[in-house]
Amino acid sequence: MIYLDNAGSTIVDEEVLKLFIEDNTNNFANPSSLNGFGMKENYDIVNYKRDILNILKLNPSTYDVIFTSGATESNNLAILGYARKNKNKGKHLITSKIEHPSVLNVFKELEKEGFDVTYLDIKEDGTIDLDYFKSILRAETILVSLMYVNNECGCVLNLEEIKDIINKSNNKKIVFHSDLAQTLGKEKVNCSLFDMLTISSYKIHGIKGIGALIKKRNIELEPLVYGGGQEFNLRSGTLSYPLIHSFAFIVKKYTKDFEKNYAYVQSLYYFTFDELNKINGIKVHDKFKRHCPFIINFSTTSKESSIVVEALSNKEIYVSTKSSCSSKLKVISHVIYELTKNENEATNSIRISFSKYNTIDEISVFINSLKEILNNIKGR
Ligand code: PMP
């Protein structure tokens with residue numbers, strides 16, 4: 001098998017798996033219990049939170065970590081929770097047109113609740129027009145939510161400049177949230193740009209079912225889940241010590257090797273980029289000012305990408321696309337459409353995404369198979 005869908009999910013690190021099994025045997029207490037077993041776990045969890053904040057260079061006396069089930073829940077808690085709790089301060093919210101559905105669909109929901117949402121265009125070079133951004137800030141703006149690395153094409157948004165504009169505006173109540181699900185461990189970012197940030201474990205070889213919303217302590221949110229009051233009363237439910245421990249472990253392990261992984265994946269990226277560009281009928285989406293090398297997106301301009309992806313799958317080469325052969329529905333990539341304004345390219349886009357475990361040999365097999373498939377498909 002050649003697995004090139006690492007932005008979708010990654011293989012779990014062996015040490016993480018071992019730890020998870022040990023913890024399920026040795027640390028199975030309820031961390032909210034007031035007996036010694038539970039209290040010891042609670043003490044550890046406080047330290048794991050501090051470890052994560054230290055790794056992200058965030059001050060533990062300013063930021064809190066709220067463990068969730070993953071990035072979707074963190075995005076929901078940040079955006080719904082903040083908007084609903086603070087609607088008396090203003091009802092204007094800002095996001096972009098290329099966000100993940102776990103952000104976009106939350107804003108759609110808030111529109112039904114009477115909020116006014118601006119969906120920012122993203123330029124072909126993967127950046128936000130700064131003058132336009134400046135022009136839409138209002139006294140009623142309370143929240144800006146923008147991702148750093150985009151999950152479909154790998155473009156890196158110019159959030160440093162956006163933060164600068166927010167800082168210089170007269171409106172001091174704007175809270176800046178970022179979905180860093182594809183950024184953590186894959187692109188260097190100054191996390192202190194953000195008042196709230198979303199991270200997830202399984203994009204960096206951790207286990208599925210655990211993520212976090214990190215937020216400044218003074219920010220008030222309305223909970224999505226009510227119950228026993230865990231996680232500052234923002235996310236009730238018994239904490240999973242094994243998942244939390246595994247998450248803190250992989251964040252530490254993965255980010256320690258950041259430079260090495262980044263340089264290695266960048267070499268895979270350059271090789272793939274050059275090879276893809278040599279193939280007729282392929283357009284690589286790479287006009288970005290900044291590009292995270294873990295993700296590369298291209299369109300099969302004269303063939304249906306769903307057929308190409310299925311043929312690759314038949315050879316056990318796994319990549320990702322929006323459209324599917326089995327459903328007759330043509331699903332357009334909202335991200336590629338936003339960047340290219342080209343319906344054909346957006347319908348026939350393919351994402352490949354790397355991990356440190358991929359090799360140049362694998363990429364060569366993928367490229368040769370792709371060429372063969374494109375030659376063999378009759379018609380579109
Ligand atoms: N945001 C981004 C940018 C993502 O790539 C993903 C996962 N594809 C999510 C949010 C949702 O993450 P999760 O599956 O952890 O809820």
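Residues numbered from 1 in each chain as written. Predicted model: local features only at pLDDT ≥ 70, side-chain atom pairs only at ≥ 80, totals over all residues. Heavy atoms only, no water.

Asker: How do you make sense of the overall build of the protein chain when you look at a structure like this?
Answerer: Scanning the protein chain from terminus to terminus reveals 13 helices and 13 strands. Since a compact globule built from 380 residues should have a radius of gyration of about 21 Å, the 21 Å found for the protein chain is in line with a globular shape. In terms of its C-alpha atoms, the protein chain occupies a principal-axis envelope of roughly 65 × 55 × 40 Å. The buried share of the protein chain, taken over its 380 residues, is 56%. (Helix = DSSP H or I, 4+ residues; strand = E, 2+ residues; numbered from the N terminus. Rg over C-alpha atoms; globule rule 2.2 N^0.38 Å. Buried < 20%, exposed > 50% of the residue type's maximum accessible area, 1.4 Å probe, protein only.)

Asker: Just checking my understanding: could you explain the domain arrangement of the protein chain for this structure?
Answerer: For the protein chain, the assigned domains are domain 1 (2-8 + 258-373) and domain 2 (14-256). The gap between the C-alpha centroids of domain 1 and domain 2 is 27 Å. Domain 1 puts 28 residues into the contact, and the matching count from domain 2 is 34 residues. Approximately 2,800 Å² of surface area, both sides summed, lies buried where domain 1 meets domain 2, with 50% of it carried by carbon and sulfur atoms. Considering only the side of domain 1, the residues that lose the most area to domain 2 are Phe258, Arg290 and Glu338, jointly responsible for 26% of the buried surface there. For the pair domain 1 and domain 2, the number of links is three salt bridges. (Domains from an automatic or database assignment. Contact = heavy atoms within 4.5 Å. Buried area = accessible area lost by both parts, 1.4 Å probe. Salt bridge = Lys/Arg side-chain N within 4 Å of Asp/Glu carboxyl O.)

Asker: Honestly, the layout of surface pockets in this entry has me stumped. Any pointers?
Answerer: The gaps left among the atoms become clear once a water-sized probe is rolled over them. Here the largest pocket is characterised by a volume of approximately 360 Å³. What lines the largest pocket is a set of 17 residues, among which Ile55, Leu56, Lys57, Lys188 and Val189 lie closest to the centre. Taken together, the residues of the lining of the largest pocket break down into eight nonpolar, five polar and four charged. By volume, the second largest pocket amounts to about 290 Å³. In terms of lining, the second largest pocket is formed by 16 residues, of which the most central are Lys172, Lys173, Ile174, Val175 and Asp195. Sort the elements by how many residues they give to the lining of the second largest pocket and helix H6 (residues 159-168) lands first, with three residues. Considering only residue class, the lining of the second largest pocket consists of five nonpolar, four polar and seven charged. (1 Å grid on protein atoms, 1.4 Å probe; cavity = no way out; pocket = protein on both sides within 12 Å on 5 of 7 lines; lining within 4 Å. Points joined across faces, edges and corners; volume = space filled by probe spheres on them. Nonpolar A, V, L, I, M, F, W, Y, C, P; charged D, E, K, R; others polar.)

Asker: It is not clear to me how the pairing of strand E2 (residues 63-68) should be interpreted in this structure. Could you clarify?
Answerer: Looking down a regular strand, the side chains alternate between one sheet face and the other. Counting buried residues along E2, six of its six residues qualify, which places the element largely inside the surrounding structure. Here E2 shows no split at all, with Tyr63, Val65 and Phe67 on one side and Asp64, Ile66 and Thr68 on the other all buried. Sheet analysis places E2 next to strand E8 (residues 211-216), joined by six bridges and oriented antiparallel. Paired with Thr68 across the strands is Gly211, a residue of E8. (Pairing = 2+ DSSP bridges.)

Asker: Explanation requested: the sheet that holds strand E5 (residues 141-145) in the structure shown.
Answerer: Taken together, the seven strands give an open sheet; going across it, the order is E2-E8-E7-E6-E5-E3-E4, and neighbouring strands pair in mixed fashion. Lying at the two open borders of the sheet, with one neighbouring strand each, are E2 and strand E4 (116-120). Within the sheet, the average angular offset between the axes of one strand and its neighbour, ignoring direction, is 20°. Its contacts with the sheet place H6 against E5 and strand E6 (175-179), and it is angled at close to 165° to E6. (Axes fitted to C-alpha atoms, helices over the stretch in contact; angles between N-to-C directions.)

Asker: Honestly, the pairing of strand E3 (residues 92-96) in this entry has me stumped. Any pointers?
Answerer: When you tally the buried positions in E3, you get five out of five residues, the bulk of the element. Alternating residues of E3 divide into His92, Ile94 and Ser96 and Leu93 and Thr95, and every residue in both groups is buried. With five bridges connecting them, E3 and E4 associate as parallel partners. Across the sheet, residue Ile94 finds its bridge partner in E4, namely Thr118. Taken together, E3, helix H4 (residues 101-112) and E4 constitute a β-α-β crossover, and its handedness is right-handed. Where E3 meets E5, three bridges bridge the pair, whose relative direction is parallel. For Leu93, the partnering residue across the bridge sits in E5 and is Leu143. (Right-handed = clockwise from strand over helix to strand, strands pointing away.)

Asker: Is there a simple way to explain the pattern of salt bridges in this structure?
Answerer: Two side chains carrying opposite charge are able to pair once their charged atoms lie near each other. Going through the model one piece at a time under the given rule, you end up with 23 salt bridges. When the shortest N-O distance is used, the salt bridge between Lys18 and Glu22 registers 3.5 Å. In this pair, Lys18 and Glu22 are both assigned in helix H1 (residues 14-26), four residues apart and thus about one turn of the helix distant. Its relative accessible area of 35% is what places Glu22 among the partly exposed residues. By sharing partners, the salt bridges in this structure join Asp13, Glu15 and Lys253 into a single network.

Asker: In this structure, what is going on with the nonpolar core? I would like to understand it.
Answerer: Where a protein is soluble and globular, its nonpolar side chains tend to be buried together. Ranked by size, the top nonpolar core spans 91 residues in total, and within it Phe133, Ile214, Leu276, Phe366 and Leu370 carry the most contacts. Among the elements that take part in this core, helix H8 (residues 241-256) stands out by supplying eight residues, more than any other. In this structure Phe366 touches Leu4, Leu276, Phe298, Leu312, Ile317, Val319 and Ile352, once residues within four positions along its chain are discounted. Judged by nonpolar contacts, the second largest core, of 24 residues, contains Leu93, Leu104, Val106 and Val117. (Core = buried A, V, L, I, M, F, W, Y, C linked by side-chain atoms within 4.5 Å.)

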